[in-house]
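These are the residues of each chain, in order.
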Amino acid sequence: MQKNRFLTLLLSGTLVVTVATGGALLTTGEASLTSGVSTAAPPPRIAQAAPTTTTLTTTPASTAPENTEVTLTAAVTPAGAAGTVQFQDGTTPIGRPVIVTANGTASGRTSKLTVGPHQLSAVFTPANAALHSGSTSPTVAFMVTAASTSAASASKDTSTELTTSPVSPVPQNTQVTLNAAITPVEAAGAVQFRDGTTAIGSPAPVSNGKASVTTSTLTVGSHQLTAVFTPTDTATYNPSTSKVVTFEVTDSTGVTATSTTLATSPPSPIAQGNPVTINATVTPTAAAGSVQFKDGANPISSPVTVSNGKAAVTTSALTVGSHQLTAVFTPTSATYGPSTSAVYTLVITAAAAPTATTTTLMVVPDFPIPEGVPVLLKASVVPDADGKIQFQDGTTVLGEPVPVILGSATRIITTLEPGTHSLVAVFIPTNPATYGPSTSPTVPLTVTGGVGNSLLEQIIVEVQKLIQDVLEA
């Protein structure tokens, strides 16, 4: 059940203000003079804004382990200063602005501070800048420590180094010995030599930190060789794998064979109109040249220069249907041979229509208010789509777009001038291909001329309570 609050003020028999959640009546009148003529007193002169001070405390006080919930409490003086406090970590906001309570405090909680030092502060923004000035607390240094970890394993680390004899490159059918050196030398176990993921022979036993295997079956092309050490006693020693050794085997003419593979990002299938990056990988990486990407027999763009074994092209022009993509590598040196990738089938699907969204706008208060009273704008988006809300007064934007979080976005404003306003919320999706934009129905709001400072402050306090109820609902 929605809570109602009523504030009725009667000053000198001239002004009656009734404030209630969901509606209000604002009436003005002057006491009649004996002549029957009604006159209005001149508006009071606005005094210079009173200065404020803001202090910040944290609980825990200065240090906490990561993932600990930290409470930030701001104290604003004088206690009657109405407004909001934005807690900050350096220049990064922590959560949303918090309304200052009647006793001059505002608090927030977070458990998302990262490991390391933080510089925390609280920034007070007055609801009425004509009555009170803004202020920022002194910075509070706060340290977040890493969570304790378990004791290190008692097992000793090992390292494995791989060398070949002879060294690369070698002609096909050459007998090649792969040698592994294990440190520490007293670590007993066996070494499995590999060409990529393919085992070369059986595991070779380690003796005095050495193990080796000999082969003459390496094919023409580039090979990624490794040595994997497995200890006999895993409670005493840890396993280890050598760095990859690239080994080239040439054909009888001395030309090094190359191989080319192709992949896309994102992978197949993708919707029409979305950009797709076609990536080619050429081995060995030292092979200089260019790659011509093709869709069947049709080239895709111009040839792309290979850099460190990589070449890529991005396109969004592929039509709906199945595409047979290839990458053709052409070397610039007679040292390396050409190669063509296997055919990659990329399916382009028809683009789906974006999901429609609905945006509604709540304005609190939604009844006539004097100039300077804060107004809460709360937009709700269905379904809960990723994007931002641009609040507007007619076609005039009210600040920067606000991110949508859990289907809603809010903004508090105090800058509306006297007159009738047409407030709307415009949803701007992050990905228009997934969700469509939407605009809320217009919510009218009337702002009247200014009132006396004392009365205005009382109205602001009551409206802030209404706003707080909505934010906490």
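Throughout what follows, the structure given in this document is the object of discussion. In this convention, every chain numbers its residues from 1, walking through the sequence in written order. Reporting in this predicted model follows two pLDDT cut-offs: at least 70 for local features of residues, and 80 or more for side-chain atom pairs to be given and counted; totals over whole chains, interfaces and linings ignore these cut-offs and use all residues. Hydrogens are left out, water is left out, and the side-chain values use all remaining heavy atoms of the structure.

### As for the overall build of the chain
Point 1. Within the chain, the regular secondary structure consists of one helix and 42 strands.
Point 2. Note on exposure labels: buried denotes an accessible area under 20% of the residue type's maximum, exposed denotes more than 50%, and partly exposed covers the range between, all computed with a 1.4 Å probe on protein chains only. Burial status across the chain gives 39% buried among its 473 residues.
Point 3. Throughout, a contact is declared for two residues whenever any of their heavy atoms are within 4.5 Å. At a minimum sequence separation of 6, the contacts of the chain that also span at least 24 residues come to 62%. Runs of H or I in DSSP of at least four residues are treated as helices and runs of E of at least two as strands, each being numbered from the N terminus.

### So, the sheet that holds strand β6 (residues 70-77)
Point 1. The rule for pairing is simple: two strands pair if DSSP sees at least two bridges between them. Spatial strand order, β4-β6-β10: three strands in an open sheet with antiparallel pairing. Where the open sheet ends on each side, the last strands, each with one partner, are β4 (53-59) and β10 (105-110). Pairs of neighbouring strands in the sheet enclose a mean axial angle of 20°, with direction left out of account.
Point 2. Bridging between β6 and β10 involves six bridges; their strand directions are antiparallel. Within the sheet, the bridge partner assigned to Ala-75 lies in β10 and is Thr-105. Here an angle of 0 to 180 degrees is reported between the N-to-C directions of two axes, which are lines fitted to C-alpha atoms, with helices fitted over the stretch in contact.

### Structural notes on unusual backbone geometry
Point 1. In this chain, Thr-77 is followed by Pro-78 through a cis amide linkage whose omega measures 0°.
Point 2. Along the chain, Pro-78 falls in the loop between β6 and β7 (83-89).
Point 3. Residue Pro-284 is bonded to the preceding Thr-283 through a cis peptide linkage, with omega at 0°.
Point 4. Turning to its location among the elements, Pro-284 is positioned in the loop between β25 (276-283) and β26 (289-295).
Point 5. Phi at Asn-208 takes a positive value of approximately 55°, unusual for a residue other than glycine.
Point 6. Within the element layout of this structure, Asn-208 appears in the loop between β18 (198-205) and β19 (210-215).
Point 7. Positive phi, normally seen in glycine, also occurs at Ser-301, with a value near 65°.
Point 8. Among the structural elements, Ser-301 can be located in the loop between β27 (298-299) and β28 (304-305).

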